[in-house]
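The chain contents come next:
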Amino acid sequence: MSFPLPVRPLRNARLLLGPESVGEPGPLDLPAAEIIKIAEAAGVRGRGGAGFPLAVKLRSVASAAGSARYVIANGEEGEPTSVKDRFLLRERPELVLHGLALAARAVGADRAYAYVSDPVAARRLGEAHGGGGVDVVRVTPGYVAGEETAVVRAVGGGPALPTAKPPRPWQAGLRGQPTLVSNAETLAQLALAVRLGPEAYRGLGTPESTGTFLATLSGAGPAPALYEVPYGVPLRELVTAHRGTASGVTGMLAGGFAGGLLPPSALNLPLTHAALAGAGSMLGCGAFVLLAGECPVGAVADVAAFFDRENARQCGPCVKGAAGVADVLAGLTARTATWSDVARLERWAQALAGRGNCATPDAVSVLVGSLFRHHRDLVSAHVDAECARCAVSPVAVDTKFRISLEES
C-alpha cells in the first residue's frame, strides 16, 4: 500500500523521497574511521530533537570503555504530530537499515536493534532485513518511550520509561555497555551521506544545517502531509506550499510539541536549528501544527493536558508540575482560573526547566513560557472574560492535534 498521507518534495529535494533513497546502497565495507569522517564532513545532524552532530555521537560510543557496544535505531515516534519516521520505516526500511549497519560498523557494535511501536513498520523492517543481523523490538507507543534512556531500558527488557542521567547511553547503555541510540531519519541520512559523498550531500541545505529533513505539516485547513525540505528554506515557503497561502495562519506549534508556540512572525524564519532556537523554539522532529483562528490559550491547554497524561510519572516535576500546569490552563479555557493561578503558572514555567528524568518538564516549561512571551494579554483576558473560541473547542481527553495513520 502507498503511504496514507501525501509525501512531497519542496524545491525538488528528493534525497529521501526520490529514487536515490531506494537505489543501489552505498558501500558497507568502509573502515570505521572513514564512516565517521564522512558523517562529519557531510555535517549530518540528528533529526529527532536538538540536531546534535552524528559524528560526535559515533566517536563517543566508539571510544568509550566497554566490553561490548550496541546500536539502536529509534523509530518510536511518540510525537503525535509527526509521521516522518513511520514513513521511512514503512516505505524506505532498506535505507534506515543501511544507515544502522554503517553506524554499527563505525562504533564496532556487537549487535544492532530497531526499536518501533508501529506494527506496519515492524513488519516492513522484518521483511527488509530478512531476519539477519538486526533485532526488531516492538514497544507500546508512548510520548516518553522514544527518550534515549527509555529506549535502552525497553530493549533490555524493562519498561519504556526514562532513567536518571548520567550516565548517558553512550557511556553505559544496554547491558551497561556503550550504546548508540539514533533516530531512524538520522540513520537514513547517514546512509545517504555515504552513498552520495559529503560534497553532494551538502549540495542542499546551509553550511551549518546540511542536506534535507522531513517536515510534517498539519492544521489550518488542509489534510496533514509530509514534505522533504532543504534546510534554510523560509517557513513561509513551506506553509504556502502546503496551504496555497500563508495568509490566515495565526501561529503554530513548532518542532512537535517540544518547541512550544510561535507567533505568525515566525513564518519569516529560515528552517534551521539555529534560527528556531533563536526564536525560543526548536526544529526538533520537524513537525509543525498550524493554527488559523484557534485560541492560543486553548491550543496550549490541549498540549499541556497531553503532557500530563503522557509523562513518565516517575518524579515530582512530571506528576505534580505537569498536572498543575494542565489544571490552570484548563481553568483558563473554562474561565475558572484566578489571577493567583496565572502567577503560579508563570512561576512553574520557569521552575520546571531541567527537572526530572525525561524531557517532559522542559517541554512544559517551553510551552507555557511561549504562551506568556507571545500572548500575555490574551492569558489575562481569559481571567476577565469568557473566550468564545475556547468555549466551542474544549480541551481534549487526548490531544486534538494527533495525526492517525492506517495500520495495514
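Residues numbered from 1 in each chain as written. Predicted model: local features only at pLDDT ≥ 70, side-chain atom pairs only at ≥ 80, totals over all residues. Heavy atoms only, no water.

**Brief notes about helix H11 (residues 296–310)**
Next up, step 1: In this model, H11 (15 residues) spans 21 Å end to end at C-alpha, consistent with the 21 Å of a helix rising 1.5 Å per residue.
Next up, step 2: Within H11, 14 of the 15 residues are buried, leaving the element largely enclosed by the surrounding structure. (Helix = DSSP H or I, 4+ residues; strand = E, 2+ residues; numbered from the N terminus. Expected span 1.5 Å × (residues − 1). Buried < 20%, exposed > 50% of the residue type's maximum accessible area, 1.4 Å probe, protein only.)

**Quick word on the pattern of salt bridges**
Next up, step 1: Taken as a whole and assessed by the stated rule, the structure comprises 16 salt bridges.
Next up, step 2: Ionic pairing is found between Arg 124 and Glu 91, a salt bridge with its closest N-O pair at 3.8 Å. A residue pair is termed long-range when its members are at least 10 positions apart, and Arg 124 in helix H5 (residues 119–129) and Glu 91 in helix H3 (residues 84–91) qualify at 33 residues.
Next up, step 3: A salt bridge links Lys 400 to Asp 302; the shortest N-O distance between them is 3.2 Å. Note that Lys 400 is positioned in the segment after helix H15 (388–392) and Asp 302 in helix H11, a separation of 98 residues in sequence.
Next up, step 4: Given a relative accessible area of 38%, Lys 400 falls into the partly exposed group.
Next up, step 5: Connected through shared salt-bridge partners, Arg 309, Glu 310, Asp 398 and Arg 402 make up one network. (Salt bridge = Lys/Arg side-chain N within 4 Å of Asp/Glu carboxyl O.)

**Remarks on the packing of aromatic side chains**
Next up, step 1: Applying the stated criterion across every chain, the model contains 9 aromatic pairs.
Next up, step 2: Where Tyr 143 meets Phe 307, the ring centres are 5.4 Å apart and the plane angle is 65 degrees; that geometry is what we call edge-to-face. Here the residue Tyr 143 occupies a position in the loop between strand S4 (134–138) and helix H6 (148–155), and Phe 307 occupies one in helix H11, the gap between them amounting to 164 residues.
Next up, step 3: Ring geometry for Phe 257 versus Phe 306: centroids 5.4 Å apart, planes at 75 degrees, classification edge-to-face. One end of the pair, Phe 257, is in the loop between strand S8 (251–254) and strand S9 (261–262); the other, Phe 306, is in helix H11, and 49 residues separate them in sequence. Per residue, the accessibility class of Phe 257 equals that of Phe 306, and both read buried.
Next up, step 4: Joined through ring pairs, the aromatic side chains of Tyr 143, Phe 257, Phe 306, Phe 307 and Phe 401 make up one cluster.
Next up, step 5: Across the ring face of Tyr 70, the terminal group of Arg 175 is positioned such that the distance to the ring centre comes to 5.1 Å.
Next up, step 6: The ring centre of Phe 401 lies 6.0 Å from the NZ or CZ of Lys 400, which sits over that ring. (Phe/Tyr/Trp six-rings, centres within 6.5 Å; stacked < 30°, edge-to-face > 60°. Lys NZ or Arg CZ within 6 Å of the ring centre and 35° of its normal.)

**As for the sheet that holds S4**
Within a sheet, each strand pairs with its neighbour through backbone hydrogen bonds, oriented either parallel or antiparallel.
Next up, step 1: Ordered in space as S4-S3-S2-S5, the 4 strands form an open sheet in which the pairing is parallel. Only two strands of the sheet have a single partner each, and these edge strands are S4 and strand S5 (179–183). Ignoring strand direction, the axes of neighbouring strands in this sheet form an average angle of 20 degrees.
Next up, step 2: Judged from the 5 bridges that link them, strand S2 (residues 70–74) and strand S3 (residues 111–116) form a sheet pairing that is parallel. The residue bridging Ile 72 from the neighbouring strand is Tyr 113, located in S3.
Next up, step 3: Against the sheet, H5 contacts S3 and S4, and its axis sits at roughly 170 degrees relative to S4.
Next up, step 4: Together, S2 and S5 form the strand contacts of helix H7 (residues 184–196), whose direction differs from that of S5 by roughly 90 degrees. (Pairing = 2+ DSSP bridges. Axes fitted to C-alpha atoms, helices over the stretch in contact; angles between N-to-C directions. Contact = heavy atoms within 4.5 Å.)

**A word on the nonpolar core**
Next up, step 1: In terms of nonpolar packing, the biggest core is built from 52 residues, with Leu 58, Leu 100 and Leu 190 touching the most fellow members.
Next up, step 2: Every element with two or more residues in this core is listed here: helix H1 (32–42), helix H2 (54–63), S2, H3, helix H4 (93–107), S3, H5 and H7.
Next up, step 3: If you tally residues by element for this core, the top one is H4, at 9 residues.
Next up, step 4: In this structure, Val 289, Ala 299, Ala 326 and Cys 390 belong to the second largest nonpolar core, which totals 40 residues. (Core = buried A, V, L, I, M, F, W, Y, C linked by side-chain atoms within 4.5 Å.)

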